[in-house]
Amino acid sequence: MDRKSVLITGASRGIGKACALAFSALGYHVYINCRQSAGSLNQTRDEICSMGGICTALMGDVGNPLEVSEIFRRIETEVTGLDVLVNNAGISYIGLLTDMDNADWERVISSNLSSVFYCSRAAIPYMVSQKRGKIINISSMWGTSGASCEAAYSASKAGVNGLTKALAKELAPSNIQVNAIACGVIDTAMNSQLSAKERQALTEEIPAGRFGTAEETADLVAALAEGHGYLTGQIIGLDGGFL
């Protein structure tokens, strides 16, 4: 059987790295990407290769359409196309909307939403030709409910949710499933700015009584990639019962 291929954006750490390890364990050729943490990305690649997996690290800003084109050009020199795309790249911004400048807004929207559009657009033609494929978008519960002092982040993730639902309808006739995982509080570097007191207060709000883990998120991503052919257009909450 031919080896399947997957691209995971934002894979130098956290959820993206956990996804890379999960797909490698399933025998995929894993393509990993990030914008600036080359050392961490290469460490992930080396970790996978040391365990007998196949992994290619591709630096680039997936919020930039020209760089996305180059990433996919490089992928297509090794494999014909992707079986799975995991749109994980994203950044947060915490602060009042009135304190946010134009550049900050554009950076959040580019990293969190435009990247999903650019990468999906590049991946879809091969998937359509094969009449199969999976696009899995890493979203957030704040895209559903909104978060105070995270207006831009919430807006970007709400956009991801809308894009997921619309694209799922567009691609369903080609047997391509598009779903999003609306993560709750996951114990990654994105939440590392929280103080011990803030972590405790937030934990008390979560019915499950703890933060989620990157590995739990990766397990769900891998499960969606490997099966569930009738599940599409869904925003799947992974938030410990928060919402």
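These notes cover the structure that comes with them. (Residues numbered from 1 in each chain as written. Predicted model: local features only at pLDDT ≥ 70, side-chain atom pairs only at ≥ 80, totals over all residues. Heavy atoms only, no water.)

As a further point, take helix 6 (residues 151-171). Its 21 residues place the ends of helix 6 30 Å apart at the C-alpha level, agreeing with the 30 Å of an ideal helix rising 1.5 Å per residue. Buried within helix 6 we find Ala152, Tyr153, Ser154, Ser156, Lys157, Val160, Asn161, Thr164, Leu167, Ala168 and Leu171. In this structure, the buried side of helix 6 is in contact with helix 4 (102-130), strand 5 (133-140), helix 5 (142-145), strand 6 (176-183) and strand 7 (235-238). (Helix = DSSP H or I, 4+ residues; strand = E, 2+ residues; numbered from the N terminus. Expected span 1.5 Å × (residues − 1). Buried < 20%, exposed > 50% of the residue type's maximum accessible area, 1.4 Å probe, protein only. Contact = heavy atoms within 4.5 Å.)

Turning our attention to the nonpolar core. Membership of the largest hydrophobic core comes to 30 residues, with the highest contact counts inside it found for Ile8, Phe23 and Val30. One finds Tyr31, Val62, Val79 and Ile124 within the second-largest nonpolar core, a separate group that totals 23 residues. (Core = buried A, V, L, I, M, F, W, Y, C linked by side-chain atoms within 4.5 Å.)

This model, assessed by the stated rule, comprises eight salt bridges. Of the charged contacts in the structure, one is a salt bridge between Glu70 and Arg73, with a shortest N-O distance of 2.8 Å. Of this pair, Glu70 and Arg73 both sit in helix 3 (residues 65-75), three residues apart, which is roughly one turn of that helix. Among the residues examined, Glu70 registers a relative accessible area of 37% and is labelled partly exposed. Residue classification places Arg73 among the partly exposed residues on the basis of a relative accessible area of 46%. Put simply, Arg199 and Asp187 hold a salt bridge, and the shortest N to O gap is 3.3 Å. With Arg199 in helix 7 (residues 196-205) and Asp187 in the loop between strand 6 and helix 7, this residue pair connects regions lying twelve residues apart in the sequence. On the basis of relative accessible area, Arg199 is assigned to the partly exposed category, the value being 30%. (Salt bridge = Lys/Arg side-chain N within 4 Å of Asp/Glu carboxyl O.)

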